[in-house]
Structure formats: C-alpha cells, structure tokens
Amino acid sequence: MLECKSLIAPSDLSLTELEKLIALARRIIQNPARYAEVCKGKILASLFYEPSTRTKFSFDAAMLRLGGSTLGFSDPSTSSTAKGETIADSARTVGQYADLIVVRHPKEGTAKLMSRYAACPVINAGDGGHHHPTQTLTDLLTIDHYKGNFSGLTVGVCGDLKFGRTIHSLTTCLARFQNVRFLFISPEELAMPVFVKEELDAKGVSYTETTSLEGCIGELDVLYMSRVQRERFISEEEYLRLKDYFVLTTEKMALAKPDMIVMHPLPRVNEIATEVDADPRAVYFDQVKFGMYIRMALIMKLLGMEEPHA
Amino acid sequence: MINVSKLKEGIVIDHIRAGHGYKIFLQLGLDALDDVVVLMRNVESTKMGRKDLIKIETNLDLNLDVLGLIDPDVTITYVKEGKCVQKIKLSPPKTVTGILSCKNPRCITNQEHISDVRFHLVDAKTNLYACEYCDARTRL
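Cut-offs and rules
Residues numbered from 1 in each chain as written. Chains lettered and ligands numbered in written order. Predicted model: local features only at pLDDT ≥ 70, side-chain atom pairs only at ≥ 80, totals over all residues. Heavy atoms only, no water. Helix = DSSP H or I, 4+ residues; strand = E, 2+ residues; numbered from the N terminus. Polar contact = N/O pair within 3.5 Å; in protein donor to acceptor, adjacent residues only side chain to side chain. Contact = heavy atoms within 4.5 Å. Phe/Tyr/Trp six-rings, centres within 6.5 Å; stacked < 30°, edge-to-face > 60°. Buried < 20%, exposed > 50% of the residue type's maximum accessible area, 1.4 Å probe, protein only. Lys NZ or Arg CZ within 6 Å of the ring centre and 35° of its normal. Domains from an automatic or database assignment. Buried area = accessible area lost by both parts, 1.4 Å probe. Salt bridge = Lys/Arg side-chain N within 4 Å of Asp/Glu carboxyl O. Nonpolar A, V, L, I, M, F, W, Y, C, P; charged D, E, K, R; others polar.

> I'd like a rundown of the side chain of Glu132 of chain B, residues and numbers included.
If you trace the backbone, Glu132 of chain B turns up in the loop between β8 (128-131) and β9 (137-138). Engagement of the side chain of Glu132 of chain B in a polar contact is seen with the backbone nitrogen of Arg118 of chain B, the distance being 2.9 Å. With residues up to four places along the chain from it excluded, the contact list for Glu132 of chain B reads Lys112 of chain A together with Asp116, Val117, Arg118 and His120 of chain B.

> Residues and numbers for the packing of aromatic side chains, please.
Residue and element names in this part refer to chain A. For the structure shown, the criterion picks out 7 aromatic pairs over all chains. Relative to Phe184, the ring of Phe182 lies with its centre 5.9 Å away and its plane at 25°, an arrangement referred to as stacked. Residue class for Phe184 comes out buried when judged on its relative accessible area of 1%. By the ring-pair criterion, three or more aromatic residues cluster together here, those being Phe182, Phe184 and Tyr207. When the ring centre of Phe290 is taken as origin, the NZ or CZ atom of Lys289, which lies over that ring, is 5.5 Å away. Against the face of Phe59 rests Arg295, its NZ or CZ located 4.8 Å from the ring centre.

> How would you sum up the side chain of Thr172 of chain A? Please name residues and give values.
Residue and element names in this part refer to chain A. Looking at the element boundaries, Thr172 is found in helix α6 (residues 165-174). Here His168 takes part through its backbone oxygen, which lies 2.9 Å from a polar atom of the side chain of Thr172. Reaching out from Thr172, the side chain makes a polar contact with the backbone oxygen of Ser169 at a distance of 3.2 Å. Setting aside anything within four residues of it in sequence, one finds Thr172 in contact with Val196, Glu199 and Lys203.

> Can you tell me about the domain arrangement of chain B, naming the residues and giving the values?
All names here are of chain B. Annotation of chain B at the domain level lists domain 1 (9-89) and domain 2 (95-138). Around 450 Å² of area is buried between domain 1 and domain 2 when both sides are counted, 67% of it from carbon and sulfur atoms. Per-residue buried area on domain 1 facing domain 2 is highest for Asp65, Leu69 and Pro72; these three make up 80% of the total on that side. Taken together, the connections running from domain 1 to domain 2 amount to 0 salt bridges. Linking domain 1 to domain 2 there are 2 residue pairs in polar contact (both at pLDDT 80 or more). Here the residues of the side of domain 1 that touches domain 2 are counted per class, giving 4 nonpolar, 2 polar and 1 charged.

Given below as structure tokens:
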C-alpha cells in the first residue's frame, strides 16, 4: 500500500514509494502474464471531462491487463455534469460503483476535490495546467529502463519550458534523486519558470540555461523534447514564431552520444522530424508502453493488491 | 493634532501600517459594533514614520487570523480598568480558511462552491498563501 490514499501530485509519493513503484513496474514488464488476474473483480472508473485518448487508453489498458474492468466517459456532455451535477456529488456517486477513480478535468484542483468526496482512491490524470503525476511516473520508468538509474545523468529538456506542465513535474521529481544535472534549452520567451529554478536552487541541483540545442546535445544522456502548445498563447503570431524554434533532426542527432535517449510526452507536432523515428535512440513510442506498465503498478498499489506468487 | 482619550476598557490595535487601518476595520466588522470605535489614520510614529491605530471600547473576540493576514506587524493591547492586561504580537497564520479566495480563474474553487478552502502560508515576509487545490499564490 502507499501512504497516500490517492495520487494527486508527484510529490504525494515519497522517494522510497517511487522506487518501489518503479521496481514493481519492472517486474510486471518482465512477466506481464503473472499479473493478468491481480485485479479481477475490481472496477476502474475513468472520468474524462476533457478529451485525452492516449491517457484514457493507457489507464483502461492497464486495468484490463490486470484482469479488472473499466467504465467511464470521455465526453462530459454524456455525463451528469451536463445536468449540472457538482464534482463533489459525481465523486460521491461514482465512488459507490468503482474501486478506483481516474479523473481528467480542465480545472486545476479537480482531482483533489474528488479525492475529498470519493469513497475510493482517486488518480489525477491531469487537472488543467497543474499536475499530471502519471506522466511523470511514465517518464521516470522510461529513463530507469534505458539508463538503469538516475544518478549522474545529464538531462536536457527542450522546447516550451514555461508552460510545459510535464517538464516542471519531471524536473522537480528527478531533482529528488542524487547528482542529476539539467540543461534547459528554450527560447528566452519560453524559459523555465522561476518557481522551478528556485526549487532546484534550494536543493543545490545544478542546471544551465541555453538557447542552443546543437551546442549542448553532445553532453546529454537524456533529451526530453516538448511541444509548443497553441492553446497557451494569446497571440497566434507569437505561437507561429516560436513553434519552429527547435526541431530535432538527424543532423542534430549526429552530434549526440550514441546512448542518449530522446523522449517526448506526445503528441508531437513538428518538433521532432519524422526521420528521427527510425533512430534507435528515439524512445518516445516505447515511452507510451512504459506509461501503461507504471499505471498497472500504481493501480495495484493504490488498491492494495498483493503481488501474485511466482 | 486630534487627541483621543486613554481607553479604560477595550482593545488597542497599534502599529498598523499606514493605509491598512480601514481594511482591518472592515475585515473585523467593526462597523457593525454598537460600541465606540476610533480609527486614526496617518498618526505620527517615531518607529514607523506614519501609522494607523484603532481603539475599540469593548473587549471582544478578535479574529487574529484576519489581523495576521492583513498586517502581521500590528500590536494588540487589551485594556482593563485603564491598565494594559495583555499585549499580543502577531505572526501570519500558517493556514487560513474562509478569509481568502483563490484568484486563479482556472481553479476548481471558482467553479464549484467550496466554503472551506484552505490556504497555506508559503512566504511569511510577503504574506503569500497557496491555494490547497491549485497551489496558485494569493494574498488578502
């Protein structure tokens, strides 16, 4: 079991719990069949108040692969919300049917509110620009899988660092591990916010800011690319000016270490040229698979399910 | 120079940062009292240059959280029979409920009615609080 009843923010998990989750995910990857009936008879409700096919599929697939069942919606117009039901009441009601609730909502703090009223654990699958903890867990498992551990890594995060929620979470979460160094690669307008840098400063974590991907790609063990999101900009002109600022191409990949990995939370627009997909260092599609495995581990832990006997 | 006589019974809220007196007056609901209340603004002070001061001619239960939120540097003196019986120095409360509201338009608390949203102190120097739901920073 985890100390927290629900997972709302990455910081809800202690370092030990994070390591245990990753270790469980590793065991699931090694032998998924062993876990195929662990959650038999359990129901996961996925309440998606805004569309996110990838995240919903990932949770649904995770529960189904554990032998459980799923219910839910991906269009709020088909739910009681359309009749004016409050989030608190939805949580109370759905909590009577399901053993676990997964919620995505455009308003920040919704998952926390649900966790207050639901009789079962709640997982935050994204609350506006606030938290998306299972994306962070996905990223951690991916790095762990390819690099073995986090210590001593040089991690480059590139693109929209100002509005990139997943980047803020990943950075602050990785900073909890020993001896991780960061390179923040972005145009000045989309630089890493002060609150993230203050947190790194407080922990004594080393970071460098740069506007040149070519200039630093050779130093990196991990390159985390991100999309410049149209919806974050008031001015279309500003968006168009910045969206093509960094594009990862095979020419730039040629400057990177042979064992560097390229990650991306997806969906991508044009920040990674499709020609890079064939490069074995491009792991962003495998990252999706790791997302499902870490969600399997998380579901098991939050439901307090025992590890099956070998 | 306006002179206000010494209190025999009641509360003096002193060392209020100039300009904050009226805010405190309103937040404490002193306008609803039937007792004598004096609000003095821009009083000369050797320590502060200018300060505001409030005298209340009754002993009531003050909401110290509100005071701590608006101006944690104020001094509260309780007076009985013309003598100072208790002096309190404030500090900003660690958590407040029911006084602040979240200013983040994307926060769920601005969509659903939640009466007991808690705000946690994140910076005592600037009196900055974080909403428990969205973490957005706010102050009174």
